[in-house]
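Overview (structure and organization)
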Amino acid sequence: KGFDGEGYAGSHILSVEFNPSIADTPRHWNICTGRWLRHYVYERLSAVGDKPSFFNMLVTQLVSGVWHGLLPGYWLFFATSAFMFQASRAIYRYERNWPSKWRNWYVWWSLKVVTSALVLNYAGSAFVVLEMGESLRVWRSVYYFGHIWTVAVLALSHIVPPKKRRD
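Below or above, wherever it landed, is the structure these notes cover. (Residues numbered from 1 in each chain as written. Predicted model: local features only at pLDDT ≥ 70, side-chain atom pairs only at ≥ 80, totals over all residues. Heavy atoms only, no water.)

Here we look at helix H3 (residues 54-68)
Defined as follows: A run of H or I in DSSP counts as a helix once it spans at least four residues, and a run of E counts as a strand once it spans at least two, with each numbered from the N terminus. Residue count minus one, scaled by 1.5 Å, sets the expected span of a helix. Burial classes: relative accessible area under 20% of the type maximum marks a residue as buried, over 50% as exposed, and values in between as partly exposed (1.4 Å probe, protein chains only).
Over its 15 residues, H3 runs 21 Å from end to end, which matches the ideal 21 Å to within 8%, given 1.5 Å per residue. Along H3, the residues that are buried comprise Asn56, Met57, Thr60, Gln61, Ser64 and Gly65. Looking one or two places after H3, you find glycine 69, whose phi comes out positive at around 155°.

Here it is as structure tokens:
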């Protein structure tokens, strides 16, 4: 497939840049590689009939990090992003019981888009910097806000679990 009109073949750039869900973003970036990782790593780590777990996501992200190279920045980015995906899924579990007018409110959508961009770009700095010490220095310079956001969302989802989906 050639140029797809959104940036380059294999990605949906607008769906990456303006995605309100961190967990959904990889589906639009490097699509062929993502499908391969999903099929050959993520889905195969679960027993037949079991739903994939966070462990599946973490291992898949680490395999992607190794595929990119042996520099620690890749591994930091992909390991951190696995936790960020989990936090994004927790937000979705809260939202799915909200009335649609709240879920689709442009202010809420905009807040999620901005948060997704900030948090993923925060993590992505390690992918660009690549060295362990320098990556940690960059994260420290912004007070580890991406990690704090992730831990806060995950902690909240364990302390006050989202309600089960209404039918």
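A short note on the environment of asparagine 121
In this structure, asparagine 121 sits in helix H6 (residues 106-129). Asparagine 121 sits 44 residues away from phenylalanine 77 along the chain, and the two C-alpha atoms are 9.8 Å apart.

Thoughts on the packing of helix H4 (residues 72-95) against H6
Two packed helices can be described by the angle between their axes and the distance between those axes. To be explicit about the condition: The angle between two axes is taken between their N-to-C directions and runs from 0 to 180 degrees, where each axis is a line fitted to C-alpha atoms and a helix contributes only its stretch in contact. Any angle between 65 and 115 degrees counts as roughly perpendicular, while under 35 counts as roughly parallel, over 145 as roughly antiparallel, and the rest as oblique. A clockwise turn of the near helix away from the far one marks a right-handed crossing, whereas an anticlockwise turn of less than a right angle marks a left-handed crossing. Whether two residues are in contact is decided by their heavy atoms: any pair within 4.5 Å suffices. Gly is placed with the polar residues, together with every amino acid not listed as nonpolar (Ala, Val, Leu, Ile, Met, Phe, Trp, Tyr, Cys and Pro) or charged (Asp, Glu, Lys and Arg).
At a minimum axis distance of 7 Å, the contact between H4 and H6 shows a crossing angle of 165°. Classed by the angle they form, the pair H4 and H6 counts as roughly antiparallel. Between H4 and H6 lies a crossing whose hand is right-handed. Together, Gly73, Tyr74, Leu76, Phe77, Phe78, Thr80, Met84, Ile91 and Glu95 of H4 and Trp108, Lys112, Val119, Leu120, Tyr122, Ala123, Gly124, Ala126 and Phe127 of H6 make up the contact between the two elements. For the contact of H4 with H6, the residue count by class is 13 nonpolar, 3 polar and 2 charged.

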